[in-house]
Structures are given as C-alpha cells and as structure tokens.
Amino acid sequence: FPSHDTAANPTSYIVVYNNQIHADDVDLTNVNDTDVHGMQVGGFASYVWYLNNHVHHLLGSGAQMGQQSGQSETNTHHCYYGKNIIHDVRQAGLWSKSASDSIFSQNEIYDVVDVYSPPFNWTSTSKCFGGQYRPNRLWILYNKCYGSSRMVRLVRGRCPKEDHLRCGQGKGDL
C-alpha cells in the first residue's frame, strides 16, 4: 500500500503496529524474483510508522519503502521502521528505494536468505539493511543484525550521496 494515491491525494499518517506478518508454506529456496514483502510503501506516502511487528518467511523483504528507478525520491518520505523482528526473508530485512528522511531503528533482523537463480544468472546476497535509487537522509541506528551475509548493502551506481546515509553503533550491532 498505498496503490492509488497521487500528489493531489497523498496517503499520510499510517501506523502498522504489533502484527504477525508471514506467508504459509513458503519455499525460501525458490529461484524466481518474487517480491512478496511484509509491507511495501510507495507512491506519495508519508509519515508511516512500522512498529513492533514480527515479520518472517517471505519471498521478499521484511519491509520496503520508496519508488522504482527514475521516480522522485521525495514522493515517499518520513518513514520510521522500529522495534520489528524480521527473519527468514529473502532480499533484505529492511530496504529503501529513493525514499527521503527515513529511519531504521531498534530492529532485530536475522537469517536473511541468500538466493542464487541459475536460469537468470543473478544472486541476491542476504543483507539486513540497504538501499538503491538514491535514498536521501536514511538513518540506520541501534539495530541488531546477524545470520546474514551483509549488514548493509547499497547498490552500486544507485547509492545515496555520501552525506545522506547515517549508521551508528558497533559491536555486531548497527
């Protein structure tokens, strides 16, 4: 969601709180690029809070925000994803595509699955957090990440400007 909002009729002030989000009988080794995310926020959404959810066993990311390549990064903005537990998903725990002014904080993400698709010769390396299509002012703070190949991945050539990404806290946590 949202799927029908516009600049003249945006979707704002949404709270997704304390849910169990998962798929039944999912095959995490499926080689197809299937985007079944726990939540997808795009379009003209703003002020979205995704809090205290338990997200698992999905063929996509735990949650994703923002537009596809070529769309304005200012359309989706002011999203806060906090205190979620995300595991046994593909692609990423939390992912930002060209969203602005967003925060990933106090999430616990683990066992994100590496996927290799021989028919298409591509690999989706597991990562807890990341972005592409130039997310702006993305903050990644006080999270826990383990059991994945990478903590953070920014897709080359589509990364945020250096001054637009903030990460914090060490000792295996991020």
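Because the structure is a prediction, the values reported are computed rather than measured.

Draft legend 1. Broad picture of the pairing of strand β5 (residues 54–58). Across three bridges, strand β2 (residues 20–22) lies against β5 in parallel orientation. Looking at β5, one finds that Q20 is bridged to H54. In the sheet, β5 pairs with strand β8 (residues 85–89) via four bridges, with the strands oriented parallel. Bridge pairing links V55 to I86 in β8.

Draft legend 2. Quick peek at the sheet that holds strand β9 (residues 94–97). What the five strands build is an open sheet, ordered β3-β6-β9-β14-β17; its pairing is parallel. Sheet topology places β3 (40–41) and β17 (150–154) at the edges, where each strand pairs with a single neighbour. In terms of strand pairing, strand β6 (residues 63–66) meets β9 through four bridges, oriented parallel. Its bridge partner being in β9, M65 is matched across the sheet by S96.

Draft legend 3. Molecular detail of the packing of aromatic side chains. Considering all chains together, one arrives at six aromatic pairs under this definition. An aromatic cluster is defined as three or more aromatic residues linked by ring pairs; in this entry it consists of Y50, Y81, F104 and F129. Between K127 and the ring centre of W95, over which it is positioned, the NZ or CZ distance is 5.5 Å.

Draft legend 4. Fine view of the sheet that holds strand β11 (residues 108–110). With parallel pairing, five strands are arranged side by side in an open sheet as β2-β5-β8-β11-β16. Of all the strands in the sheet, the pair left with one neighbour each is β2 and β16 (144–146). Pairwise comparison of adjacent strand axes, ignoring direction, gives a mean angle of 10° for this sheet.

Draft legend 5. Local environment of the pattern of salt bridges. Evaluation of the coordinates by the stated rule reveals one salt bridge. With a closest N to O distance of 2.5 Å, R137 and D101 form a salt bridge. Residue R137 is located in strand β15 (residues 136–141), and its partner D101 is located in strand β10 (residues 100–105); the two are separated by 36 residues in the primary sequence.

Draft legend 6. Representation of the nonpolar core. Core analysis: the largest hydrophobic core is formed by 25 residues, its most contacted members being M39, V41, Y50, Y81, L94, F104 and F129. If you list the elements that add at least two residues to this core, you get β4 (46–51), β5, β6, β7 (77–82), β8, β14 (127–132) and β15.

What counts, and where the lines are drawn
- Residues numbered from 1 in each chain as written.
- Predicted model: local features only at pLDDT ≥ 70, side-chain atom pairs only at ≥ 80, totals over all residues.
- Heavy atoms only, no water.
- Pairing = 2+ DSSP bridges.
- Helix = DSSP H or I, 4+ residues; strand = E, 2+ residues; numbered from the N terminus.
- Phe/Tyr/Trp six-rings, centres within 6.5 Å; stacked < 30°, edge-to-face > 60°.
- Lys NZ or Arg CZ within 6 Å of the ring centre and 35° of its normal.
- Axes fitted to C-alpha atoms, helices over the stretch in contact; angles between N-to-C directions.
- Salt bridge = Lys/Arg side-chain N within 4 Å of Asp/Glu carboxyl O.
- Core = buried A, V, L, I, M, F, W, Y, C linked by side-chain atoms within 4.5 Å.
- Buried < 20%, exposed > 50% of the residue type's maximum accessible area, 1.4 Å probe, protein only.

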